[in-house]
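Each chain, letter by letter, is given below.
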Amino acid sequence: MQNALASIVVTIVALGIVTPMILPGASAAEVTFNLFGTINGWGLSAGTITNPGPTLTVNASDSVTLILHSTDGVRHNWFLDVNNNRVRDANELVSPDFDEGTPIVTWTFTAPAAGTYTYRCQYHPTSMTGTLSVQGAPGTQPAGGLDWTLILVIVVAVAVIGAVAAVAAVAARRRKKT
Ligand SMILES: [Cu+2]
């Protein structure tokens, strides 16, 4: 009887350790956009420049490569205006400058957490804008689907209860012997 209880406890604890390892994890992809800029906006081609420019859609944690073109030869950059204050703050992602001398810059960044962000050129922050739409990373469930965080909490709780039961079982066995 005691051995059976111990086996059950060991199984529960083992499940608590192994299950989180099996759960699907997010896997980041590599995404590339060609983005053309003039003082009048952004476009996916030199002939389709508008303000606001194209909405760029990626997944959280994606490795996003921007191939940035200065179509008018003016100095530009691309930054993610996280707090949307139209100013490039020190903690905000920013590409190197691209201009007449360096008309094309290839720059890679890691997509931030899911959300809707405004991108801008810091030199023309109101006439060169667009939206970066960051979706939940692949592998995570959409709203209404399975809540893996909740499942993880339950599994860990069961493991802890199992460990406590194991200690209690061992203590009971020792009491019996003396
Ligand atoms: Cu600019």
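All figures in this text were calculated on a predicted structure; none of them were measured in a lab.

Counting secondary structure elements, the chain contains two helices and eight strands. Each helix and strand of the chain, placed in order from N terminus to C terminus, yields the pattern α-β-β-β-β-β-β-β-β-α. Looking at the 178 residues of the chain, the share that counts as buried comes to 20%. In the chain, once contacts between residues fewer than 6 apart in sequence are set aside, the share between residues at least 24 apart is 69%.

Let us look at the environment of Val64. Summarising the element assignment, Val64 is placed in strand 4 (residues 63–70). Through-space distance from the C-alpha of Val64 to that of Trp107 is 8.3 Å; in sequence the pair is 43 residues apart. Setting aside its immediate chain neighbours within four residues, Val64 contacts Val31, Val58, Thr108, Phe109 and Ala111.

Cis geometry marks the peptide bond from Asn51 to Pro52; its omega dihedral reads 0 degrees. The phi dihedral of Ser61 falls on the positive side, at around 75 degrees, and the residue is not glycine. Looking at the secondary structure, you find Ser61 in the loop between strand 3 (56–59) and strand 4. Positive phi, close to 55 degrees, is recorded for Asn84, a residue that is not glycine.

Once that is clear, we can look at the sheet that holds strand 8 (residues 129–135). Taking strand neighbours across the sheet as the criterion, the four strands line up as 3-8-7-5 in an open arrangement whose pairing is mixed. Each edge of the open sheet carries a strand with a single partner, namely strand 3 and strand 5 (79–81). Between one strand and the next, the sheet's axes are offset by a mean angle of 35 degrees, whatever the strand orientation. Where strand 5 and strand 7 (residues 115–120) come together, three bridges link them in antiparallel fashion. Counted as the bridge partner of Phe79 is Arg120 from strand 7.

Further remarks concern the sheet that holds strand 2 (residues 41–43). Ordered in space as 2-1-4-6, the four strands form an open sheet in which the pairing is mixed. Both edges of this open sheet fall to strand 2 and strand 6 (104–110), since each of them pairs with a single strand only. The mean angle between the axes of side-by-side strands here comes to 30 degrees, regardless of whether they run parallel or antiparallel.

A few words now on the nonpolar core. In this structure, Leu35, Trp42, Val58, Trp78, Leu132 and Val134 are the most contacted members of the largest nonpolar core, which totals 17 residues. With residues up to four places along the chain from it excluded, the contact list for Leu35 reads Trp42, Leu44, Leu66, Leu68, His69 and Trp78.

Rules of the game
- Residues numbered from 1 in each chain as written.
- Predicted model: local features only at pLDDT ≥ 70, side-chain atom pairs only at ≥ 80, totals over all residues.
- Helix = DSSP H or I, 4+ residues; strand = E, 2+ residues; numbered from the N terminus.
- Buried ≥ 20, exposed ≤ 12 C-beta atoms within 10 Å, placed from the backbone.
- Contact = placed C-beta atoms within 7 Å.
- Pairing = 2+ DSSP bridges.
- Axes fitted to C-alpha atoms, helices over the stretch in contact; angles between N-to-C directions.
- Core = buried A, V, L, I, M, F, W, Y, C linked by C-beta atoms within 7 Å.

None of the figures reported here should be taken as evidence of function without further support.
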